[in-house]
Amino acid sequence: MEIIREGNIELAKQKRRKIRLFWCEDCGCLFKAGNDEYKEVAFGNRYCECPCCGKEDVYEGSCQNV
């Protein structure tokens, strides 16, 4: 096998980990979380706990006022 162009290993790791972006409405924290850190609920919604203020139901979505 011959490699024509090297791939981006870090990008592949992030895609496999399914990194998502979250924004906490309470404290304004903007953070990334991997699939081992967030939970998926009905209709493809995802949520996790804010690492800054501890709010438990921070949903993935638009980052308003950032």
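Check the entry above for the structure.
Just so it is clear, the model here is predicted, and its values are computed rather than measured.

Criteria and cut-off values
- Residue numbers restart at each chain and count upward from 1, following the sequence in its written direction.
- Given that this is a predicted model, residues contribute local features only at a pLDDT of at least 70 and side-chain atom pairs are listed and counted only at 80 or more, while totals for whole chains, interfaces and linings are drawn from all residues.
- The side-chain values count all of the structure's non-hydrogen atoms but skip hydrogen atoms and water molecules.
- Under the DSSP-based scheme used, a helix requires at least four consecutive residues in state H or I and a strand at least two consecutive residues in state E, with every element numbered from the N terminus.
- Atoms considered for the radius of gyration are the C-alpha atoms alone. The globule rule reads 2.2 Å times the number of residues to the power 0.38.
- Relative accessibility thresholds used throughout: buried, under 20% of the residue-type maximum; exposed, over 50%; partly exposed, between the two (1.4 Å probe, protein chains only).
- Throughout, the Shrake-Rupley method with a 1.4 Å probe supplies accessible areas, and for residues the shown protein chains are the sole cover considered.
- When a carboxyl oxygen of Asp or Glu is within 4 Å of a side-chain nitrogen of Lys or Arg, the pair counts as a salt bridge.

A.B. asks: What is the right way to read the overall build of the chain from this model?
C.D. replies: Helix and strand counts for the chain stand at one helix and five strands. Counting from the amino terminus, helix and strand elements in the chain follow one another as α-β-β-β-β-β. Relative to a compact globule of 66 residues, whose C-alpha radius of gyration would be 11 Å, the chain shows 15 Å and is clearly more extended. For the chain, the spread of C-alpha atoms along the principal axes amounts to about 50 × 25 × 20 Å. Taken across its 66 residues, the chain has 18% of its residues classed as buried. Counting every atom, the chain has about 5500 Å² of accessible surface; 47% of that belongs to carbon and sulfur.

A.B. asks: It is not clear to me how the pattern of salt bridges should be interpreted in this structure. Could you clarify?
C.D. replies: Oppositely charged side chains may form a pair once their charged atoms are brought near each other. Taken as a whole, this structure holds six salt bridges when the rule is applied. A salt bridge links Arg46 to Glu40; the shortest N-O distance between them is 3.9 Å. Three or more residues joined by partner-sharing salt bridges are found here, namely Arg17, Asp36 and Glu37.

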